[in-house]
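What follows is each chain in one-letter form.
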Amino acid sequence: MFFQSWSDFINMGGYGFYVWLSYGISLVALVILAVQSKRARQAVLRNVLRETQREVRLQQANKGQTL
């Protein structure tokens, strides 16, 4: 598609509102997905670290009881 000016590009032949709204909604959805994924990854890593620390404490406690 060829546009004569930036105004024509933004207007998109009369459908600019819908085109730019769909781009905006898609961008917001992608940003939300990225943030949610990052938070979920951090939560998983925190849980893994907590479980690892718990296992170390349990092993140390078991060694202390057997001696």
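What counts and what doesn't
Residues numbered from 1 in each chain as written. Predicted model: local features only at pLDDT ≥ 70, side-chain atom pairs only at ≥ 80, totals over all residues. Heavy atoms only, no water. Helix = DSSP H or I, 4+ residues; strand = E, 2+ residues; numbered from the N terminus. Rg over C-alpha atoms; globule rule 2.2 N^0.38 Å. Buried < 20%, exposed > 50% of the residue type's maximum accessible area, 1.4 Å probe, protein only. Areas by Shrake-Rupley, 256 points an atom, 1.4 Å probe, with all protein chains shown as cover. UniProt positions renumbered as here; feature names shortened; annotations may be inferred. Phe/Tyr/Trp six-rings, centres within 6.5 Å; stacked < 30°, edge-to-face > 60°.

Trainee: Describe the overall build of the protein chain, naming the residues involved and giving the relevant values.
Mentor: Looking only at helices and strands, one finds 2 helices and 0 strands in the protein chain. Relative to the globule expectation of 11 Å for 67 residues, the C-alpha radius of gyration of the protein chain, 27 Å, shows a markedly less compact shape. Overall size of the protein chain, expressed as C-alpha extent along the three principal axes, is 85 × 15 × 15 Å. The buried share of the protein chain, reckoned over its 67 residues, is 3%. In the structure as shown, the protein chain presents an accessible area of about 6,500 Å², 64% of it carried by carbon and sulfur atoms.

Trainee: Account for the UniProt feature "transmembrane region" (unreviewed entry) in the protein chain, with residues named and values stated.
Mentor: In the numbering used here, UniProt assigns the feature "transmembrane region" (unreviewed entry) to residues 15-35. Note that residues 15-35 is 95% helix and 0% strand, and that its end C-alpha atoms are spaced 31 Å apart.

Trainee: Can you lay out the packing of aromatic side chains for me, pointing to particular residues and giving the numbers?
Mentor: This structure, assessed with the given rule, holds 5 aromatic pairs. Ring centres 5.4 Å apart and planes at 80 degrees place the aromatic pair Phe3 and Phe9 in the edge-to-face group. What makes Phe3 partly exposed here is its relative accessible area of 21%. Judged by centre distance (5.6 Å) and plane angle (70 degrees), the ring pair of Phe9 and Trp20 falls under edge-to-face. Within this pair, whereas Phe9 is found in helix α1 (residues 6-11), its partner Trp20 is found in helix α2 (residues 16-66), the two being separated by 11 residues in sequence. Classification of Trp20 as partly exposed rests on a relative accessible area of 35%. Counting every residue linked through ring pairs, the aromatic cluster contains Phe3, Trp6, Phe9, Trp20 and Tyr23.

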